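# Chain and residue survey
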2 protein chains.
Amino acid sequence: MSGLASLDSVQTAASILRAPTPPAWVEQAVRSWPQLLLDHANCEKKAASTALALMFTYPEDRALTLALSRVAREELRHFEQVVRAMNTLGIAFARQRPGRYAQQLRGALRSADPGRKVDLLLMSALIEARSAERFALVGPRLPAPLARLYAELMSAEGRHFALYLGFACSAAPGEWRARLTALAEREAWLATAPDRTLRFHSGPLQPES
Amino acid sequence: MSGLASLDSVQTAASILRAPTPPAWVEQAVRSWPQLLLDHANCEKKAASTALALMFTYPEDRALTLALSRVAREELRHFEQVVRAMNTLGIAFARQRPGRYAQQLRGALRSADPGRKVDLLLMSALIEARSAERFALVGPRLPAPLARLYAELMSAEGRHFALYLGFACSAAPGEWRARLTALAEREAWLATAPDRTLRFHSGPLQPES
């Protein structure tokens, strides 16, 4: 993919988000980046796991399954890149309490097919879009090796966003737009409202009372 | 990896199996190969999923996690290769009832750590060893494009076997050998005793009564 096409998909990804990431989150994230790398590694692992889960749920959709397998491989390669960056920076492993984002976004999906498939694809599209937006905001503020890595990841997330959105459009041509709007509202609240833990997809930390 | 090293790891893999695959299974498999491809695609997907599950269970073991991520990527690439072969051969999707092999092998594992980790690694080593043995038996009997694919997969499974076994040895230097013997007995029974369904890891079909 050319640099221009990649930039386009990142811009398109950002354009479906219903609210931009608050500047307070960006400042907190840049200050705490070493700690956020741990969460970032988890996000890449979870993105691979989500793609694989879709492969098990919809095995009859061979085109989707093949595309998801490639997405999962790319997310795993990102995981390895982030873990190697953690090794280089001397960041030790620690178990982290999950944030609210993925769980509460998942709670907004329909539970039965055919609606569930469309919602799962749109959820993944939104997560990729938010990831691309945040890599673009934080990457240039980080030291050179991480800045380069994040530029690469941003472009990949933009591509994954377009892929998930394309499959959602095909699965429900008459419906995806309304569902995207509804889920994007929820996503925007989760990514912008004050949050109790700082995570890659969280809102900004709420002030201590 | 050189051809010689790859052959070595396949031979070592086969040498830990407690019983060779029965000739009856090989004959049935060669006759029914198009149907078995479907099961084979599932096996690659499940192998990726098993590696990913280990990554989630033991995130503190960074060396293991990195190695498993690469294994999962390779299994996913195999999945894509097998699905493309199915497309070429015009094999339609069908849901398949799972065989007894994985479920009953998993039933023999210890349920609590530290024993469970060793058992999970040894189970994966055994499955990779059986896969390598069967690819070597069936591959040369299949048409050229599949025969080439299976030669490549056989070598990968041999490497994965060595990798899983190496991590099991490191995790429990004093214990792995006894556990391997116990689990290999179970595995050999599952792969050789007459079975109700023909699968990539099944025993030969039992004669109809």
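Just so you know, these numbers come straight off a predicted model, no measurement behind them. (Residues numbered from 1 in each chain as written. Chains lettered and ligands numbered in written order. Predicted model: local features only at pLDDT ≥ 70, side-chain atom pairs only at ≥ 80, totals over all residues. Heavy atoms only, no water.)

## Observations concerning the environment of Tyr150(B)
Residues and elements named next belong to chain B. Rule in force here: Under the DSSP-based scheme used, a helix requires at least four consecutive residues in state H or I and a strand at least two consecutive residues in state E, with every element numbered from the N terminus. Each residue's exposure class comes from its accessible area (1.4 Å probe, protein chains only) as a fraction of the maximum for that residue type: buried when under 20%, exposed when over 50%, partly exposed otherwise. The contact rule is simple, with two residues in contact once any of their heavy atoms fall within 4.5 Å. Polar contacts, as used here, are pairs of N or O atoms within 3.5 Å; protein pairs need one atom able to donate a hydrogen and one able to accept it. Residues neighboring in sequence count only if both atoms are side-chain atoms.
Relative to the assigned elements, tyrosine 150 resides in helix H7 (residues 144-171). The class for tyrosine 150 is buried, based on a relative accessible area of 1%. Sequence-wise, tyrosine 150 and alanine 132 are 18 residues apart; in three dimensions their C-alpha atoms are separated by 9.0 Å. If we ignore the near neighbours within four places in the chain, the residues touching tyrosine 150 are Trp33, Leu37, His40, Phe135, Gly139 and Leu142. At 3.1 Å, the side chain of tyrosine 150 forms a polar contact with the side chain of tryptophan 33.

## Some thoughts on the pattern of salt bridges
Condition: One side-chain nitrogen of Lys or Arg within 4 Å of one carboxyl oxygen of Asp or Glu is enough to make a salt bridge.
Summed over all chains, the structure comprises 24 salt bridges over all chains. Two residues, Glu60(A) and Arg95(B), come together in a salt bridge whose shortest N-O distance is 3.7 Å. With Glu60(A) in the loop between helix H3 (33-57) and helix H4 (62-89) and Arg95(B) in the loop between helix H4 (62-89) and helix H5 (101-106), the pair connects residues from two separate chains. Using a relative accessible area of 40% as the deciding quantity, one classes Glu60(A) as partly exposed. We classify Arg95(B) as exposed; its relative accessible area is 63%.

## What about the relation of the copies chain B and chain A?
The second copy of the chain is related to the first by a rotation about an axis and a shift along the axis. So the rule is basically this: Superposition of the copies was done by least squares, using only C-alpha atoms of residues whose pLDDT is at least 70 in both.
Superposition record for chain B on chain A: RMSD 0.0 Å, screw rotation 180 degrees, translation along axis 0.0 Å. Read as a symmetry element, the transformation amounts to a two-fold axis. Residue Arg73(B) of chain B places its C-alpha closer to the rotation axis than any other residue of that unit, at 2.5 Å. Interface overlap between copies: 100% of the residues of chain B at the interface are likewise at the interface in chain A, consistent with a symmetric, same-surface contact.

## As for the environment of Tyr101(A)
Mapped onto the fold, Tyr101(A) is located in helix H5 (residues 101-106). The spacing of Tyr101(A) and Phe200(A) is 99 residues in sequence and 9.4 Å in space, taken between C-alpha atoms.

## Overview of the interface of chain B and chain A
Stated formally: Summed over both partners, the accessible area (1.4 Å probe) lost when two parts come together is defined as the buried area. When residue character is reported, Ala, Val, Leu, Ile, Met, Phe, Trp, Tyr, Cys and Pro are called nonpolar, Asp, Glu, Lys and Arg charged, and the others, Gly included, polar.
At the interface, 29 residues of chain B touch 29 residues of chain A. Approximately 2,700 Å² of surface area, both sides summed, lies buried where chain B meets chain A, with 65% of it carried by carbon and sulfur atoms. Of all residues in chain B, the largest losses of buried area upon contact with chain A belong to Lys45(B), Arg62(B) and Arg73(B), amounting jointly to 25% of the total for that side. Linking chain B with chain A are four salt bridges, by the criterion used here. Of all the secondary-structure elements, those providing two or more residues to the side of chain B that touches chain A are helix H3 (33-57) and H4 of chain B. Here the side of chain B that touches chain A is built from residues that sort into 14 nonpolar, five polar and 10 charged.

## Focus on the packing of aromatic side chains
Residues and elements named next belong to chain B. To keep things clear, this is the line we draw: Aromatic pairing here means that ring centres of Phe, Tyr or Trp (its six-membered ring) are within 6.5 Å. Orientation follows from the plane angle: under 30 degrees is stacked, over 60 is edge-to-face, and everything else is tilted.
In total, this model carries 10 aromatic pairs over all chains according to the counting rule given. When the centroid spacing of 6.3 Å and the interplanar angle of 75 degrees are considered together, the rings of tryptophan 25 and phenylalanine 200 count as edge-to-face. With a gap of 175 residues between them, tryptophan 25 in helix H2 (residues 23-31) and phenylalanine 200 in the segment after helix H8 (176-192) connect regions that are remote in the sequence. Each member of the pair tryptophan 25 and phenylalanine 200 is classed as buried. Geometrically, the ring pair formed by tryptophan 33 and tyrosine 150 is edge-to-face, given 5.4 Å between the ring centres and 90 degrees between the ring planes. Residue tryptophan 33 is located in helix H3, and its partner tyrosine 150 is located in helix H7; the two are separated by 117 residues in the primary sequence.

## A few points about the side chain of Thr65(B)
As for its position among the elements, Thr65(B) is in helix H4. A distance of 3.4 Å separates the side chain of Thr65(B) from the backbone oxygen of Tyr58(B), its partner in a polar contact.

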